[in-house]
Amino acid sequence: MNPLYKGKAKYISTWALALVFAGITLYAGNKSFHQSYFHSTLTNDTAFKNIVATLVVDTPPVKTNDSNMIRPKIKDTVMAVTDTITFKASKDSLDAPITYHADDSMVLDVPTKTILLYGKENKVQYADNDLAAPHIEFNQQTHLVTAYFVKDSTGKVIAWPTFTQKDFKSVSDTIRFDMKNGRGITKGTYTKQDEMFVYGERIKKVTQEVFYAYRGRFTTCNLDTPHFAFVSNKIKFVNKKMAYTGPVHPEVEGIPLPITLPFGIFPLSQGRHSGLIAPTFTANEQLGLALEGIGYYKIINDNWDAVARGTLYSYGGWTASISPRYYKRYHYRGNFNLNIQHFRDLDNTGARNFNITWSHSADTKSRPGVTFNASVNAGSSKFNASIPNNPQRNFQNQMNSSITYSKVWKEGFNLTISANHNQNTAQNLINLNLPDIGFNVNTLYPLRSKNSVGNYKWYENLGVALNSNVKSLTYFYDTASNITRQLVDKLQWGGSHSVPISLSLPPLGPLQLAPSVSYQEYWYQNKFIRRWNAADNKVDSTITKGFYSAREMNFGFSGTTRIFGMIGFGKNSRVQAIKHEIRPSFGFSYHPDMNGKDHYSFQVDNTGKNFQRASIYDGNIFSAFGEGKSGAITFGVDNNIQMKVKSKNIADTGDAAIKKVTLLDGFSINSSYNLLADSFKLQPFSIQARTNLFEKVSITANGTTMPYQTDSRGAFIDKVVWRKKPFSLGTLTSGNIALQTSFKGGDKKEKLPNTNDPNMLNNTSGMPQDEYQQEAQYISKNPGEFANFNIPWSLSFSYALTYIRTLKTDYSGYYGQISQNVSFNGTLNLTAKWQIGGSGYYNITTGEINGVSMYLTREMHCWQMAINISPVGKYRYFNISISPKSGILRDLKINRTRYFYDL
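Before going into details, it helps to say that this report is about the structure given with it. Predicted, not measured: the structure shown is a model, and the values here were computed from it.

### Observations regarding the overall build of the chain
Link 1 in the chain: Counting secondary structure elements, the chain contains five helices and 57 strands.
Link 2 in the chain: Pairs at least 24 apart in sequence give 51% of the contacts found in the chain among residues at least 6 apart.
Link 3 in the chain: For the chain, the accessible surface area stands at approximately 52100 Å², while carbon and sulfur atoms represent 58% of it.

### Re unusual backbone geometry
Link 1 in the chain: Across the junction of Leu434 and Pro435, the peptide omega takes the value -10°, indicating a cis bond.
Link 2 in the chain: Despite not being glycine, Lys113 has its phi angle at roughly 50°, a positive value.
Link 3 in the chain: By the secondary structure assignment, Lys113 is in the loop between strand 8 (105–109) and strand 9 (114–126).
Link 4 in the chain: Relative accessible area serves as the criterion here: at 25%, Lys113 is assigned to the partly exposed category.
Link 5 in the chain: The residue Arg215 is not glycine, and still its phi comes out positive at about 50°.
Link 6 in the chain: Since its relative accessible area comes to 42%, Arg215 is described here as partly exposed.

### Considerations on the pattern of salt bridges
Link 1 in the chain: Tallying each qualifying case throughout the model produces 14 salt bridges.
Link 2 in the chain: Note that Lys123 is salt-bridged to Glu121, the shortest N-O span being 3.9 Å.
Link 3 in the chain: Its salt-bridge partner being Arg485, residue Asp489 comes within 3.2 Å of it at the nearest N-O pair. Here the residue Asp489 and the residue Arg485 both occupy positions in helix 4 (residues 483–489), the gap between them amounting to four residues, near one helical turn.
Link 4 in the chain: Using a relative accessible area of 41% as the deciding quantity, one classes Asp489 as partly exposed.
Link 5 in the chain: Residues joined by salt bridges that share partners form a network here, namely Arg562, Glu581, Arg583, Asp638 and Arg690.

### Describing the environment of Thr260
Link 1 in the chain: With respect to the helices and strands, Thr260 occurs in the loop between strand 23 (255–256) and strand 24 (264–267).
Link 2 in the chain: Among all residues touching Thr260, those that are not within four sequence positions of it are Pro247, Val248 and His249.

### A few points about the nonpolar core
Link 1 in the chain: In this structure, Leu131, Ile136, Met179, Phe218 and Phe237 are the most contacted members of the largest nonpolar core, which totals 34 residues.
Link 2 in the chain: Mapped onto this core, the elements with two or more residues apiece are strand 9, strand 10 (129–139), strand 11 (144–148), strand 16 (174–178), strand 18 (196–205), strand 19 (210–219) and strand 20 (228–238).
Link 3 in the chain: For Phe218, the residues in contact, after removing those within four places along its chain, are Met196, Phe197, Val198, Ala229, Phe230, Ile235, Phe237, Thr245 and Phe266.
Link 4 in the chain: Among the nonpolar cores identified, the runner-up in size contains 13 residues, and Tyr524, Ile616, Tyr617 and Ile621 belong to it.

How each quantity is defined
Residues numbered from 1 in each chain as written. Predicted model: local features only at pLDDT ≥ 70, side-chain atom pairs only at ≥ 80, totals over all residues. Heavy atoms only, no water. Helix = DSSP H or I, 4+ residues; strand = E, 2+ residues; numbered from the N terminus. Contact = heavy atoms within 4.5 Å. Areas by Shrake-Rupley, 256 points an atom, 1.4 Å probe, with all protein chains shown as cover. Buried < 20%, exposed > 50% of the residue type's maximum accessible area, 1.4 Å probe, protein only. Salt bridge = Lys/Arg side-chain N within 4 Å of Asp/Glu carboxyl O. Core = buried A, V, L, I, M, F, W, Y, C linked by side-chain atoms within 4.5 Å.

Written out as structure tokens, the structure is:
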């Protein structure tokens, strides 16, 4: 053939071969190519509707006498032929191509239209159906695909058939399904539905979402032979949603239990689903047996849902709660809770209380510059103490609420309006602060030019701001009558306005200097005057209501600097160096005596010698200004000490080779000296210290000392203490020390369950606001069920001490109040499967032990056993529970709980 035609012939042959495989006759000139006995393969199952082919051909060559092929005299003609080939699709054609792969070999049986794939992992993919197995058969006539498992010469299974369709995946002994309609039957099939492991002797899949199981079981145990399972001969599964069974019974270690239910409904997915909430059975010494927590969860729409719960007691009491929630993405979220208690004990008496909570937060993206937040917790004073079976809540005697609206303008103005509530349930006292209005103007720089270029001049840093606050307070006792009259009689209001003026000067070498001026004004409602009543030998008080004001100005100048020192220990020492940083501060402040006229002295006893100074504005919302002019020198110093330690790992280089260890985070002493005062010129010392030793022991301490001597009554006299005690800082008037530490073994990355975080608990009735808080509360009440066996041991300890020097009520002297308490928490693995733990709180001052609890837990793979006990305190209890670990089946636990109270 002439080389000129080789490319053309190859091009035509390729199209001819493709069309013949499609079962189509191609005509080229006077010749035709057709395969009379062609058997369709996997590739021809794609239905060809319309084919548009463009053929490029030359004019046929002519023969000469020497039989050579030569070009004709007529020039080559390029002819484009466009044709549409229409044919009727086969009834057995599929809707998509099939992709297949054989690890070892493929056998094509043409007469029977069957393909067999052999290998360790053969694959067939059609649409969203994926099949992998060591032996796969496909019958084109019936569209059936069959997969089997294969054993090697030793009888060990090489691989199991695996079928995947969207989010459904199964492993079986045998799989047979119709490629065209997706239906199929499997034998010995394992599949997983969320937390549920499902097995069926035979499973029939009828649609993508629904399949049926014969002699099936489902469990949360991931073993081939599970520790427990629920077994039924007939099960209907709706993929990732629900499972419905006929008669169902539980099995433990393959042994059927003599418990059979006529039917079963099991959830197979997490997320929001309306439905019943299963109760738990408990017992209470005062209220009797209880069906606790029975309720219903309702999805209202995409933005709202609600939980209704209740508890019934055998002695006639009950509780009820309704908890709607709302959430709109990028706008707001919140929840509301109403809880009612109606208790009745053996004497037909009991508590009738209520509690309301509301939590709301707005997304700042929805309305930039505007925020609205609410956190409300209010109700009857006896509500917390009356909650059954919840010792933690029984000890809480505070309720707080806050509702806040704020708006910020880009010009630097911001407005805040809030309402606050504080309730002491032990005293039945409820304090209300509403409204509380604050208006602030951020620092303005009036000397700066709008089109300033480069750095500001020093005088351009002069700034002026405004802070204003107006609020009202009232209170009432919920046990007293006529609450409205109490609110009106106890109402107080007041206002505060402050105008700070500041100037930030450039550094002068190592010194940073800053002058300041401030003006402050208070608005008062009452004048409060005390006088000695000689007839009754007591102090009488007189209150006069009206509108009063007082003001004060301050002028100041402050400076700070930093001093560094370091001690080196040589290259061979593991401690490379110790660095000491000293941060001294100093300043001068002056304010004139603008409020001396508002202060007076009054007699406090019948001797006529002891007097106290007071202000006529004492007892108002905003405290009274001090008397006398002041020209004070302020001074203070803060310290920080760090140590550089060489790493123990020789391989560490660079920054990793040296580790910084903080020995002292801070130790500061601050005070001032009033040059213009006629007495007590040296002001109290404020002392603070903080450190985190070896990143294990956190210690904080602070205190206030008065550097003066005292008389026989304990009152301070104008003589500095150093005249008698040269190395003393004076008399301690207040102080506190707090120490915290924790240790644990094993992997440091492992975490213990948080059982003491109050923010994780529902602040209302122990009933959950949402799924997260429900889980948190359950962990808090049952720590043994959430033990971490990867931590062999753990110990945490905290200690707190508080001291305050207080004047006696009869003004005869002073006494010190000390409060100390200790809390602890620890765990210990007795074996790889047994763990013991405990926690407690001890008030050293009162000698009372509160909240002591212990637990013993056993890890049983998919099950857990826990014993929780609180043996001491006013509220005592014990709890024994055996339950699956899965949250889906938690309500199937075996539980025994008893509570004991000291009335």
